Structure formats: C-alpha cells, structure tokens
Amino acid sequence: EVQLVQSGAEVRKPGESLKISCEGGEYNFATSWIAWVRQMPGKGLESMGIIYPGDSETRYSPSFQGRVTISVDTSISAAYVQWSSLQVSDTATYYCARAGCRGATCYGSQSYYMDVWGKGTTVTVSS
Amino acid sequence: QSVLTQPPSVSGAPGQRVTISCTGSSSNIGTKANVHWYQQLPGSAPKLLIYAGINRPSGVPDRFSGSKSGTSASLAISGLQAEDEADYYCQSYDTALNDYVFGTGTKVTVL
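The rules behind these values
Residues numbered from 1 in each chain as written. Chains lettered and ligands numbered in written order. Predicted model: local features only at pLDDT ≥ 70, side-chain atom pairs only at ≥ 80, totals over all residues. Heavy atoms only, no water. Helix = DSSP H or I, 4+ residues; strand = E, 2+ residues; numbered from the N terminus. Rg over C-alpha atoms; globule rule 2.2 N^0.38 Å. Buried < 20%, exposed > 50% of the residue type's maximum accessible area, 1.4 Å probe, protein only. Areas by Shrake-Rupley, 256 points an atom, 1.4 Å probe, with all protein chains shown as cover. Lys, Arg positive; Asp, Glu negative; His and termini not counted. Charge placed at Lys NZ, Arg CZ, Asp CG, Glu CD. Disulfide = S-S within 2.5 Å. Contact = heavy atoms within 4.5 Å. Buried area = accessible area lost by both parts, 1.4 Å probe. Salt bridge = Lys/Arg side-chain N within 4 Å of Asp/Glu carboxyl O. Polar contact = N/O pair within 3.5 Å; in protein donor to acceptor, adjacent residues only side chain to side chain. Nonpolar A, V, L, I, M, F, W, Y, C, P; charged D, E, K, R; others polar. Pairing = 2+ DSSP bridges. Axes fitted to C-alpha atoms, helices over the stretch in contact; angles between N-to-C directions. Phe/Tyr/Trp six-rings, centres within 6.5 Å; stacked < 30°, edge-to-face > 60°. Lys NZ or Arg CZ within 6 Å of the ring centre and 35° of its normal.

Draft legend 1. Highlighting the overall build of chain B. The secondary structure content of chain B amounts to 0 helices and 9 strands. Taken over C-alpha atoms, the radius of gyration comes to 13 Å for chain B, in line with the 13 Å a tight globule of 111 residues would show. In terms of overall dimensions, chain B has a C-alpha envelope of 40 × 25 × 25 Å along the principal axes. Looking at chain B as a whole, 50% of its 111 residues are labelled buried. Per element, the accessible surface of chain B, about 4,800 Å² overall, is 48% carbon and sulfur. Charge centroids of chain B, computed over 7 positive and 7 negative side chains, lie 7 Å from each other.

Draft legend 2. Region of the structure containing the state of the cysteines. The final tally for this structure, using the stated rule, is 3 disulfides over all chains. Here Cys-22 of chain A pairs with Cys-96 of chain A through a disulfide, and the sulfurs are 2.0 Å apart. Handedness here is read from the sign of the S-S torsion; for Cys-22 of chain A and Cys-96 of chain A, about 80 degrees, the answer is right-handed. Linking Cys-22 of chain A in strand 3 (residues 18-25) with Cys-96 of chain A in strand 9 (residues 92-100), this pair joins segments that are 74 residues apart in sequence. Judged by its relative accessible area of 0%, Cys-22 of chain A falls in the buried class. Classification of Cys-96 of chain A as buried rests on a relative accessible area of 0%. What pairs with Cys-22 of chain B in a disulfide is Cys-90 of chain B, and their sulfur atoms sit 2.1 Å apart. When the S-S torsion is 75 degrees, as for the bridge of Cys-22 of chain B with Cys-90 of chain B, the disulfide is right-handed. Residue Cys-22 of chain B is found in strand 2 (residues 18-23), and its partner Cys-90 of chain B is found in strand 7 (residues 86-94); the two are separated by 68 residues along the sequence. Look at Cys-90 of chain B and you get buried, because its relative accessible area is 0%. The cystine pairing of chain A, numbering bonded cysteines in sequence order, is 1-2, 3-4.

Draft legend 3. Here's a closer look at the interface of chain A and chain B. Across the contact, 23 residues belong to chain A and 22 residues belong to chain B. Carbon and sulfur atoms supply 61% of the area buried between chain A and chain B, which totals about 1,900 Å² over both sides. Counting the surface chain A buries against chain B, the share from its top three residues, Leu-45, Gln-110 and Tyr-113 of chain A, is 32%. Where chain A meets chain B, there are 0 salt bridges. Summed over the shared surface of chain A and chain B, the result is 11 residue pairs in polar contact (both at pLDDT 80 or more). Elements that contribute at least two residues to the side of chain A that touches chain B include exactly strand 4 (33-39), strand 5 (45-52) and strand 10 (113-117) of chain A. Among the residues forming the side of chain A that touches chain B, the class breakdown is 10 nonpolar, 9 polar and 4 charged.

Draft legend 4. Seen up close, the environment of Ala-52 of chain B. Position of Ala-52 of chain B relative to the elements: it lies in the loop between strand 4 (47-50) and strand 5 (64-69). Overall, the relative accessible area of 10% leaves Ala-52 of chain B in the buried class. In this view, Ala-52 of chain B contacts Thr-105 of chain A together with Asn-34, Val-35 and His-36 of chain B; residues no more than four positions away in its chain are not counted.

Draft legend 5. Representation of the sheet that holds strand 5 of chain B. Residue and element names in this part refer to chain B. Taken in spatial order, the 3 strands line up as 2-6-5 in an open sheet, and their pairing is antiparallel. Every interior strand has two partners, whereas the edge strands, strand 2 and strand 5, have only one. Strand after strand, the sheet turns through a mean of 20 degrees between neighbouring axes, direction not considered. When strand 5 meets strand 6 (residues 72-77), the two strands line up antiparallel, connected through 6 bridges.

Draft legend 6. Representation of the packing of aromatic side chains in the model. For the structure on display, the rule yields 11 aromatic pairs over all chains. Each ring, one from Tyr-27 of chain A and one from Phe-29 of chain A, has its centre 6.2 Å from the other, and the planes form 55 degrees; the classification is tilted. The exposure class of Tyr-27 of chain A is buried, given its relative accessible area of 17%. Residue Phe-29 of chain A is classed as buried on the basis of its relative accessible area of 3%. Relative to Tyr-100 of chain B, the ring of Tyr-93 of chain B lies with its centre 4.9 Å away and its plane at 75 degrees, an arrangement referred to as edge-to-face. The two residues Tyr-93 of chain B and Tyr-100 of chain B agree in class, both being buried. Aromatic rings pair up to connect Trp-33, Tyr-52 and Tyr-112 of chain A together with Tyr-93 and Tyr-100 of chain B into one cluster. Directly above the aromatic system of Tyr-27 of chain A lies the positively charged group of Arg-98 of chain A, at a separation of 4.9 Å from the ring centroid.

What follows is the structure, given as structure tokens:
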C-alpha cells in the first residue's frame, strides 16, 4: 500500500529551529511530487509548496517563500520542511501528500491533486 | 484568505442529498486547472474524494459526485450517512497567484 509516514509531534520555543520529515513507501518516491500543506488549529488547508524528489525542483507558495525550506533525500525516500526560527504563529499540523495527475484530465502541474496523505505532524511553538 | 469560497456549513438528515458549492474565478476554476475535493474526518488527515471535477478514486462510494460549471464547482452527497460528517474542501490551481489553492471548507452535519 502506498503510504507517507510523517515524523512525530514537536514542541519548540519561539526562535528555535525545526525539521520535520515525511517518508514515502511502496511507490517510486523519486518520480512523484510531494506537497506540504499547513492546517492551523481550527482552520482550513493551505498549500506551502511542492518538491520533485527526482531533481529537487521546489515551488514555494508565495505565503511561505522565505519562511520555510522544503527539501528531499531520495536515498531514504524522505521529504522535509524546516524552519530556522520558529514563531508562535507556526503552531499547526503539517501534512505531506503525494501530488500529481494522470490521464486525459492532466494538463500539467496546474491539474495536480493530492492522492495520498500522511497522518500529519503537529508542531506547537510556545514560550 | 482563500480565493475559493465554500459555505461554512451544510446539514441534512440521513438519506438526504446535500450539495457543497465552491465558487472561484477566471484564474482558477474557470481555467483548464481541475477542481478536486477532499474529505477530512474529525481528527484525521484529508482524503482525496473527487479528482478532476468528476472522478472518484478507487474505494470512494458513488454517493459522492462532482460537477463544474464556469467558475464554480459542486460536490453532492446523496444518501447521506452518519459517517459522512466531516469537513470538505475543494482545491484548484490559481494562475494569477501561481499557487495551489484550497476552498474555505464546509462542515457537513448529519442531523
């Protein structure tokens, strides 16, 4: 079964750094985009960016450009999001998801949907 | 602030049919970019429900159906069941923002 396994919950203080992970299993990790999605407490879903493990091409959502770094390590089929200096407002659940499309309805990256999701990593930032 | 607008909540009795609208614009739903729908059960990760407007992934009951017209899309749930209580989100790509966008989300309550 295709799956994405995310790292466990984290608690940090403002100003600290953090890197969370997402490991893919049972599919060719290198040839499918990975998306990161934020969900703040009680709020909706927000796209953070996507990365193509095969060549590490990364596209950041404008709201997250410069605030996080998305990366991959294809040798262990893992994708990451990292913060250099967390803020209280980074408190949220972060999901990774496989992104792509197929068939006649696929018009390139604009058609991408997220078909497999990780269970999420809850990040709490508090002093 | 999302560019895809959904009603905050909809409700229905078991067995009824409910619809959720997703209103966008000429830079997202009105383009070739498809509309997709996700179901998020309480305390769980989102799950793909409908892709490319009308297609159901394997395992999704045919009680769920999608449609699109112009700059809007809709998700219909027929034969509403208690297990359908969840948050539902539409998603597309916005060519003006160069970003994947989600709808504001709709909470479905089964009365």
